[in-house]
Amino acid sequence: MTDYEQAARTLREPMPGHAGLVDCARYATLAANGHNTQPWRFSLSARRVDIRPDLSRRTPVVDPDDHHLWASLGCAAENFLIAARAQSLHGDVRFDPADDGGLVLDLERGPAGTDDLFEAVPRRQCTRSDHDGRPVSAADLEALEDAARIDGVRIVYILDRPRIETAVEHVVAGNTAQMQDEAFVAELRQWLRFNDGQALDTRDGLYAGASGNPTLPGWLANLVFPLVFRTGSENDKYARQIRSSSGMAVFVSAQDDRAHWVKAGRAYQRFALKATALGIANAFVNQPVEVPALRAEFARWLDLEGGERPDLVVRFGYAPPLPMSLRRPVDEVVD
Ligand SMILES: Cc1cc2nc3c(=O)[nH]c(=O)nc-3n(C[C@H](O)[C@H](O)[C@H](O)COP(=O)(O)O)c2cc1C
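For clarity, every value in this text was computed on a predicted model and none was experimentally measured.

*Asks:* Please provide a residue-by-residue account of the overall build of the chain, values included.
*Replies:* Helices and strands together make up the secondary structure of the chain, namely 13 helices and ten strands. Its C-alpha atoms give the chain a radius of gyration of 19 Å, within 12% of the compact-globule value 20 Å for 335 residues. Referenced to the eigenvectors of the C-alpha coordinate spread, the extents of the chain come out at roughly 55 × 50 × 40 Å. A total of 335 residues make up the chain; the buried ones form 56% of that total. Taking as baseline every contact in the chain between residues at least 6 positions apart, the subset at least 24 positions apart corresponds to 76%. If you sum the accessible surface of the chain, you get close to 14,200 Å²; carbon and sulfur atoms cover 52% of it.

*Asks:* Let's hear about the pattern of salt bridges: which residues, and what values?
*Replies:* Scanning the model with the defined rule gives 21 salt bridges in all. The salt bridge involving Asp-106 is made with Arg-94; its shortest N-O contact spans 2.7 Å. One end of the pair, Asp-106, is in strand 4 (residues 103–109); the other, Arg-94, is in strand 3 (residues 89–94), and twelve residues separate them in sequence. We classify Asp-106 as partly exposed; its relative accessible area is 33%. For Arg-94, a relative accessible area of 42% gives the class partly exposed. A salt bridge links Glu-308 to Arg-154; its shortest N-O distance comes to 2.9 Å. One end of the pair, Glu-308, is in the loop between helix 13 (292–301) and strand 10 (309–317); the other, Arg-154, is in strand 5 (residues 153–158), and 154 residues separate them in sequence. Using a relative accessible area of 17% as the deciding quantity, one classes Glu-308 as buried. Residue Arg-154 is classed as partly exposed on the basis of its relative accessible area of 36%. Connected through salt bridges with shared partners, the residues Asp-54, Arg-57, Arg-193 and Asp-204 form a single ionic network.

*Asks:* So, the site of the ligand: which residues are in play, and what are the values?
*Replies:* Cys-126, Arg-128, Asn-286, Ser-325 and Arg-327 are the nearest of the 20 residues found near the ligand. Arg-128 is positioned with one of its side-chain polar atoms (N or O) 2.7 Å from an oxygen atom of the ligand. Contact with the protein chains removes 92% of the 620 Å² of surface that the ligand exposes when unbound. The element contributing the most residues to the shell around the ligand is helix 3 (residues 67–86), with four residues. Taken together, the residues of the shell around the ligand sort by class into seven nonpolar, nine polar and four charged. Here the shell around the ligand spans two domains, and each of domain 1 (3–124) and domain 2 (138–317) adds at least three residues to it.

*Asks:* So what's going on with the packing of aromatic side chains? Which residues, and what values?
*Replies:* Under the counting rule described, the total for this entry stands at 13 aromatic pairs. Between the aromatic rings of Phe-251 and Tyr-268, the centroid separation amounts to 5.8 Å while the plane-to-plane angle is 80°, which identifies the pairing as edge-to-face. With Phe-251 in strand 8 (residues 247–253) and Tyr-268 in helix 11 (residues 258–277), this residue pair connects regions lying 17 residues apart in the sequence. Comparing Phe-251 with Tyr-268, the two get one shared label, buried. Pairwise contacts between aromatic rings join Tyr-157, Phe-251, Tyr-268, Phe-271, Phe-284 and Phe-316 into one cluster. The ring of Tyr-238 carries the charged tip of Lys-237 above its face, separated from the ring centre by 4.7 Å.

*Asks:* An account of the pairing of strand 8 is needed here, citing residue identities and associated values.
*Replies:* A large share of strand 8 lies buried, amounting to seven of its seven residues. Where strand 5 meets strand 8, six bridges bridge the pair, whose relative direction is antiparallel. From the neighbouring strand, Ile-155 faces strand 8, where its bridge partner is Phe-251.

*Asks:* Would you mind going over the sheet that holds strand 9 (residues 281–284) in detail, with residue names and values included?
*Replies:* Reading across from one edge, 5-8-10-9 is the order of the four strands in this open sheet, with antiparallel pairing throughout. Bordering the open sheet on either side are strand 5 and strand 9, each of which pairs with just one other strand. Within the sheet, the average angular offset between the axes of one strand and its neighbour, ignoring direction, is 30°. Sheet strands touched by helix 11: strand 5, strand 8, strand 9 and strand 10. Its angle to strand 10, the strand with the most contacts, is close to 10°. Lying on the sheet, helix 13 is in contact with strand 5, strand 8 and strand 10; it crosses strand 10 at an angle near 70°.

Quick notes on the rules
- Residues numbered from 1 in each chain as written.
- Predicted model: local features only at pLDDT ≥ 70, side-chain atom pairs only at ≥ 80, totals over all residues.
- Heavy atoms only, no water.
- Helix = DSSP H or I, 4+ residues; strand = E, 2+ residues; numbered from the N terminus.
- Rg over C-alpha atoms; globule rule 2.2 N^0.38 Å.
- Buried < 20%, exposed > 50% of the residue type's maximum accessible area, 1.4 Å probe, protein only.
- Contact = heavy atoms within 4.5 Å.
- Areas by Shrake-Rupley, 256 points an atom, 1.4 Å probe, with all protein chains shown as cover.
- Salt bridge = Lys/Arg side-chain N within 4 Å of Asp/Glu carboxyl O.
- Near = heavy atom within 4 Å.
- Polar contact = N/O pair within 3.5 Å; in protein donor to acceptor, adjacent residues only side chain to side chain.
- Nonpolar A, V, L, I, M, F, W, Y, C, P; charged D, E, K, R; others polar.
- Domains from an automatic or database assignment.
- Phe/Tyr/Trp six-rings, centres within 6.5 Å; stacked < 30°, edge-to-face > 60°.
- Lys NZ or Arg CZ within 6 Å of the ring centre and 35° of its normal.
- Pairing = 2+ DSSP bridges.
- Axes fitted to C-alpha atoms, helices over the stretch in contact; angles between N-to-C directions.

Right, here's the structure in full:
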């Protein structure tokens, strides 16, 4: 086993039967998060956990309003609650958007509970490869929607081929705008980790292997990246990947504010864990919601109600797992 594989595995060791809150925080850090910046700090006490944003890990170009940052905190909070329940601690997320502090989880003792979502926490990943084209059954789509149900967020599925083709057009338009924005490419470049050594140095960012790409020595990556990271080829890749998936899901929140962005993250995390339990892969294609002008058009196409925001866009289907991504050790994010 390589050092990288060992590190990825150690992070994901199954939680022992009698674990503490630090182990719950470790499970929380395994959550999905934008560019794998891991923009969180945890404060742990017996009955109260605070999850605060780490604003030094913002990505202001792709995420100017911090939407993804708050959604990422929602993903982590959901994992935390699922892990805490296994330790007989039950709670919910309290969040006052007027208060810049962050999310508060109030925990109370209750019966220990584990379920398929808990088992899936260490196995969940974003699978950014081609999927194999097989359809997901109607029963599984319903199970995913049920698992993801959070007040204030709904899922809009895009399932039939003509609608998927229109969604491809929205993704390609968003991707084209981003690829032509030098600031976007520069910010993304900062978070790319081209080989095991780079990934192990920072234990954050987007590791080439976890995106289905070959790993390269740093000097070669610097030469090759500008040559292969081109608008046309990236657009073709996204179109092909979406067409290889069974369908797409858009997470839509009832209101466009931080509290709802957190909820959208929680709903997505639950969806992704249920998908993992069912053997279904998923990956984000957020371009149509990341470019503000295009987001309004995308919302119109989806026929959303006034006030609703399309938060997150994923494609889902069947594919073998890719290498898992890394996280910083939990001690580095617990105060
Ligand atoms: C709010 C949010 C936005 C994201 N946006 C994208 C995206 O646009 N494209 C993408 O490929 N992955 C996206 N991701 C996935 C992250 O890059 C991924 O969760 C992170 O690299 C960790 O990898 P893992 O989920 O496989 O553990 C997003 C995740 C979150 C929570």
